[in-house]
Amino acid sequence: KNIVILISGRGSNMQAIVEAARAEKWPARIAAIISNRADASGLEYAAAAGIPTAVVVSKDYPERSDFDAALRAKIDSYTPDLVVLAGFMRILTAPFVEHYDGRLLNIHPSLLPSFPGLATHQQALSFGVKVHGASVHFVTADLDHGPIVAQAAVPVLQDDTEHVLAERVLAQEHIIYPRAVRWFVEGRLSIENGRVHLADQA
Ligand code: GRF
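Cut-offs used in this document
- Residues numbered from 1 in each chain as written.
- Predicted model: local features only at pLDDT ≥ 70, side-chain atom pairs only at ≥ 80, totals over all residues.
- Heavy atoms only, no water.
- Helix = DSSP H or I, 4+ residues; strand = E, 2+ residues; numbered from the N terminus.
- Rg over C-alpha atoms; globule rule 2.2 N^0.38 Å.
- Buried < 20%, exposed > 50% of the residue type's maximum accessible area, 1.4 Å probe, protein only.
- Contact = heavy atoms within 4.5 Å.
- Areas by Shrake-Rupley, 256 points an atom, 1.4 Å probe, with all protein chains shown as cover.
- Lys, Arg positive; Asp, Glu negative; His and termini not counted.
- Charge placed at Lys NZ, Arg CZ, Asp CG, Glu CD.
- UniProt positions renumbered as here; feature names shortened; annotations may be inferred.
- Polar contact = N/O pair within 3.5 Å; in protein donor to acceptor, adjacent residues only side chain to side chain.
- Expected span 1.5 Å × (residues − 1).
- Phe/Tyr/Trp six-rings, centres within 6.5 Å; stacked < 30°, edge-to-face > 60°.
- Lys NZ or Arg CZ within 6 Å of the ring centre and 35° of its normal.

Student: What is the right way to look at the overall build of the protein chain in this model?
Tutor: The helix and strand inventory of the protein chain stands at 6 helices and 9 strands. Here the C-alpha radius of gyration of the protein chain, 16 Å, is about what a compact globule of 202 residues would show, namely 17 Å. Along the longest, intermediate and shortest principal axes, the C-alpha atoms of the protein chain span 50 × 45 × 35 Å. Considering the protein chain as a whole, with its 202 residues, one finds that 48% of them fall into the buried category. Considering only contacts in the protein chain between residues 6 or more positions apart, those separated by 24 or more positions represent 60%. A total accessible area of about 9700 Å² is found for the protein chain, and carbon and sulfur atoms account for 53% of it. The positive charge centre, built from 18 side chains, and the negative charge centre, built from 22, are 4 Å apart in the protein chain.

This is the structure in structure tokens:
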């Protein structure tokens, strides 16, 4: 199985997936790491790890649909079985999402359907929830609302700052995202009327 991972910045989730794939000897390879920003520090990690990298810069394309078409062409040049969004900070157009239907994953730093969108940890603190977390989901045209593959919950503590809470959530992201991607490459995931089913074994 070929996996392509899309990043926009640090790429800590990408790193967790790369390391798990190697340590656990998944029946898969990370075919490429692609970023929409040339300055994404995750690209340095990928290059050092010997993984092909590419950059498709958003500002080079006047229309969102032009960017998505260029990104899709670059992704498909690696013939992916799975595309993983890991800290990828772009909203993708419906044609792009439909092209990768059922093989496009994302991680969102909240317990969906709570707190879609940005600044999720601030949303959690402002609302005063006592439990927060992260969600891995299949990407659909409905932003942050695709079928959920995995979630992890963390407590929200009295003196939490946004940064402290984000770090607590991120630690869990690095556990559930590699696990969800491994389930996909093992062929254990299926979607039945909008809900994800995890088979015991493939
Ligand atoms: C993480 O909080 C993730 O949930 C969100 O982007 C943030 C940065 O992720 N999608 P990474 O360190 O770039 O993987």
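Student: What's the story with the UniProt feature "site: Raises pKa of active site His" (unreviewed entry) in the protein chain in this structure? I'm lost.
Tutor: Per the UniProt record, the feature "site: Raises pKa of active site His" (unreviewed entry) sits at Asp144. Within the secondary structure, Asp144 is located in the loop between strand E6 (131-138) and strand E7 (148-155). Overall, the relative accessible area of 9% leaves Asp144 in the buried class. For Asp144, the residues in contact, after removing those within four places along its chain, are Asn106, His108, Leu112, Pro116, Gly117 and His137. In this structure the side chain of Asp144 is engaged in a polar contact, spanning 2.8 Å, whose partner is the backbone nitrogen of Gly117.

Student: What exactly am I supposed to notice about helix H1 (residues 12-23) here?
Tutor: Three or four residues apart is the spacing at which side chains of an α-helix point the same way, because the helix has 3.6 residues per turn. Taking 1.5 Å of rise per residue, the 12 residues of H1 would be expected to cover 16 Å, and the 16 Å separating its terminal C-alpha atoms lies within 8% of that figure. Where H1 is concerned, the buried positions are Ser12, Asn13, Met14, Ala16, Ile17, Val18, Ala20 and Ala21. In this structure, the buried residues of H1 make contact with strand E1 (2-7), strand E2 (29-35), helix H2 (42-48), strand E4 (82-85), strand E5 (104-108) and helix H6 (162-185). Of the residues one or two after H1, Lys25 is the one with positive phi, at around 50 degrees.

Student: In this structure, what is going on with the packing of aromatic side chains? I would like to understand it.
Tutor: What characterises a pair of aromatic rings is the spacing of the ring centres plus the angle enclosed by the ring planes. Taken as a whole and assessed by the stated rule, the structure comprises 4 aromatic pairs. Ring plane angle 55 degrees and centroid distance 6.4 Å describe the contact between Phe138 and Phe184, whose orientation is recorded as tilted. Here Phe138 is found in strand E6, whereas its partner Phe184 is found in helix H6, with 46 residues between them in sequence. In terms of burial, Phe138 and Phe184 fall into one category: buried. Lying across the ring of Phe67, Arg90 places its NZ or CZ 4.2 Å from the centre.

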